[in-house]
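A look at the structure
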Amino acid sequence: MIIASVCVDNPSKEIDRLFDYVVPENLKEQIKIGMRVIVPFGTSNRLIQAVVLDIKEEQECEIVYKEIYDIADEEVVLSNDLIQLAYFMKKNYFCTLSEAIFSILPPEVHFKEQIEARLISENYDVSKREAKFLSMLSREKYLKIDLSTINLKRSDLISLKNRGIIDLKVGIRQNTSKKTIELCRLKDLIKADEIINNNRLKQQKRVVEYLIDKGSEVTLSQIIEELECTRSVIKALVDKEVVEIIEKEVYRDVAADYVHYPRHSLTLTQRKAIEDILSSYKNGRRVTLIRGVTGCGKTEIYLNLVEHFLNQDYGAIVLVPEISLTPQTVERFKGRFGDKVAILHSRLSEGERYDEWRRISRGIAKVVVGARSAVFAPIVNLKLIIIDEEHEYSYKSELNPKYLTKDVAEFRVNLLDGLLVLGSATPSIESYYNVSKGHYNLVEIDERIGDSTLPEVKIVDMRNELASGNKLIFSRELYNSIEENLRNNKQTILFLNRRGYSTFVSCRQCGYVCKCSNCDVSLTYHISSNTLECHYCGQKVNVPNLCPKCGSKYIKYFGAGTEKIEQEVKRLFSGARVIRMDMDTTRKKGEHERLYRLFKEHKADILIGTQMISKGMDFKNVTLVGVIAADTTLNLPDFRAAERTFQLLVQVAGRAGRGTDKGKVIIQTYEPDHYSIQLAAVQNYNEFYRKEIEIRRLLNNPPFTDLTYFLFTSNREDELIKVCKLIEYNIKRVLPKDFTILGPTPNFISKIKNTYRWNMVIKGNIINYIELIDKIIYDNTRSTSVKYSIDINPYSLI
DNA sequence: AGCACGCCGACT
DNA sequence: GTCGGCGTGCTC
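Thresholds applied
Residues numbered from 1 in each chain as written. Chains lettered and ligands numbered in written order. Predicted model: local features only at pLDDT ≥ 70, side-chain atom pairs only at ≥ 80, totals over all residues. Heavy atoms only, no water. Helix = DSSP H or I, 4+ residues; strand = E, 2+ residues; numbered from the N terminus. Rg over C-alpha atoms; globule rule 2.2 N^0.38 Å. Buried < 20%, exposed > 50% of the residue type's maximum accessible area, 1.4 Å probe, protein only. UniProt positions renumbered as here; feature names shortened; annotations may be inferred. Contact = heavy atoms within 4.5 Å. Near = heavy atom within 4 Å. Polar contact = N/O pair within 3.5 Å; in protein donor to acceptor, adjacent residues only side chain to side chain. Nonpolar A, V, L, I, M, F, W, Y, C, P; charged D, E, K, R; others polar. Core = buried A, V, L, I, M, F, W, Y, C linked by side-chain atoms within 4.5 Å. Domains from an automatic or database assignment.

**Here we look at the overall build of chain A**
Broken down by element type, chain A carries 23 helices and 34 strands. In terms of C-alpha radius of gyration, chain A reaches 31 Å, essentially the compact-globule figure of 28 Å for 798 residues. Overall, the C-alpha framework of chain A stretches about 90 × 75 × 65 Å when taken along its three principal axes. Counting every position in chain A, which comprises 798 residues, the buried fraction comes to 54%.

Quick look at the structure:
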């Protein structure tokens, strides 16, 4: 008897183990490790998907195993290296094997069980509820049943079947259908001749002649379009067996319209960088970090590296932070490698992503360009992974498993003897630390491509502005520069990492601040909707005319967001054409690209935006970048605040002066002496690293230790506190003395959507204690209202 | 996580 | 007596 051990698609901790199934006779030849199968599961045998992880022969066994219902695809979906990756993730990220496996597979291949029922006997004795259901059924044919809309449970249906009242057909339905096109071709040439010689059938004759002329298969839609005929003409020919229609699977084309992107001649620096990377790879170095200033031509280096591996028939993965934000990168890769490139990002429809995924796994696409999850792409013969802007926080998954893309990529290249290239102008402290320890090879590039030079950066102390009587959001320096830029017909980018109009609304008489009723945060005023909005739960409320607490009418708006900047710009610089890009203006699909192109084509003079405009965008005509408030990220209670501020400022500054004209950057701040602002202004990464790494060492923060962040949530505050303390006590007993446990304490945002939040942080190398701690937390929360999430080395401790 | 089973109170 | 609410325990 052949037994297959499978991992079922169920994220629950309770069943985080393999289950054995008998492989039926008809599947014995086809079944392989890494295949997706459908199995009956649980007492009611509902059908779910699973992945085969082991196949073994067993002579006799005491347990009666169930049989595998069917295979889900013809091919293996999880290659051996990806299976090993799943185990790696389970071991490192506090997640179940199922969570790991089903985040490696594309999410859209999920199955839905489909139940159909038919009435077979009307002589029944049933309950009212059952009778109501039976009245919907018919004797003649099976009807699809949606369990969520009827008042019966699965077991009730089975009971009806067992009593001989209905018959059931249980099957599965794949959520994402393959897209097919209809191809038309000649079937019978003699009959075709008859049609041509028959003068009465003018339209049919045209179709046949057209097909003969083309000499091969033509799509149905093409015939209809070109001959301006209808479907019925072709249908008639099909009925006469003159032509036949075949359905062929097509892949939805994700970036069909690309223009060829020619090979650029490389600069000496670029050539040296490539040689360095490849020779260190030959010497067994798996990882190279490129630290290159913004605008130094990293993409061209990536393109050449990919080409180098493609020439040897190896595949590559290129990761960029949230790809839709950088249409340029897609253009370049598609333009250079054409159909060999697959694109994977979050804004693809399910069908599109599924198609791209299969193009990859079948080896049709050799290169994938994508966001975070594309690191799992089943590239055939994978040898190269590139992570651009490697420091970006979007490379850390916020969902379970909370993997760091770089770790996954490193695991994969180590397994496949491949090469990992990390690129950034401001590498993460962790990565650069790996360089200093000799784990990574380093390539540094300090010159920009062509004539463009690094912009001149000015730091403006906003305290002086206020002291000099300037109450505007813009300093005099920034104001004058914007005006000058408008006069010279140059473009300006204004950056502020806060959306909305004002960040909080407060009463000047009693100090009351408008807060969300569901969350522990202040509400943001949005002028476009004239409401107060909660950025955590989305609640919108009307602005009070009078203070809800003291009844005074001195309600005032404090703090500026992008909406306010937009309004101020329009007020102060009348005639300037303004585009605002933030979550509110780019929510609609395609809106992001539209605004990007508008600005690129110089249809606007000033671009105002949040984080989303800080990376990847390349505007030649931008000579001025203004950072409205550099301190917004600096003062958060987070050990990475300085690093994030530095990175953000360098990235934003890099948007200026990418063309021939020298750029200018103005950074407004209330803390002009802070080292991350000072060093960002002169773009001195090395000095920043030296300062920052010392602080990390002193405070024992990553990369010197692991930080494990536990978030506990519940809508019952008292129980939450009790459980947290209990967990802390139990963990303290098992962990060695060199571990530090911080907390448990209420979270920075102590309540979201009426759910209370407490957190706890453990400092120390935790990897060997994961299972133990996981069990303690699981046991202590099991029969309570407390939910938890665990994150190893999170990007933010807030 | 589902889902069934089983025990207990409410109600035609 | 039957309906349904939720605590408990299992899933090859």
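**Observations concerning the UniProt feature "binding site: Zn(2+) 2" (unreviewed entry) in chain A**
Sites flagged by UniProt as "binding site: Zn(2+) 2" (unreviewed entry) map to Cys516, Cys519, Cys534 and Cys537. These annotated residues cover 22 residues of sequence, but their C-alpha atoms sit close together, with the largest distance between any two at 8.6 Å. Among the secondary structure elements, Cys516 is positioned in the loop between strand E22 (504-507) and strand E23 (524-526). The contacts of Cys516, once residues within four sequence positions are left out, are Val521, Leu523, Cys534, Cys537 and Gln539. Mapped onto the elements of the fold, Cys537 is located in the loop between strand E24 (531-533) and strand E25 (540-542). Accessibility expressed as a relative area gives 22% for Cys537, which makes it partly exposed.

**Quick word on the protein's contact with DNA strand B**
Neighbouring DNA strand B are the residues Asn10, Ser12, Glu14, Thr43, Ser44, Arg46, Arg154 and Ser155. Here a base nitrogen of DNA strand B and a side-chain polar atom of Asn10 are 3.2 Å apart. At a separation of 3.3 Å, a base nitrogen of DNA strand B approaches a polar side-chain atom of Ser12. Its residues placed into classes, the surface near DNA strand B shows no nonpolar, five polar and three charged.

**So, the nonpolar core**
If you look at the biggest cluster of nonpolar residues, it comprises 87 residues, and the most contacted ones within it are Leu78, Leu85, Met89, Ile101 and Ile385. The element best represented in this core is helix H19 (residues 641-653), accounting for seven residues. If we ignore the near neighbours within four places in the chain, the residues touching Ile101 are Cys7, Val51, Leu53, Leu78 and Ala86. In terms of nonpolar packing, the next biggest core, distinct from the first, is built from 31 residues, Ala273, Leu278, Cys296 and Ile301 among them.

**As for the domain arrangement of chain A**
Assigned domains of chain A: these are domain 1 (2-77), domain 2 (111-174), domain 3 (268-445), domain 4 (456-501 + 561-696), domain 5 (502-559) and domain 6 (707-792). Relative to domain 4, the C-alpha centre of domain 1 lies at a distance of 55 Å.

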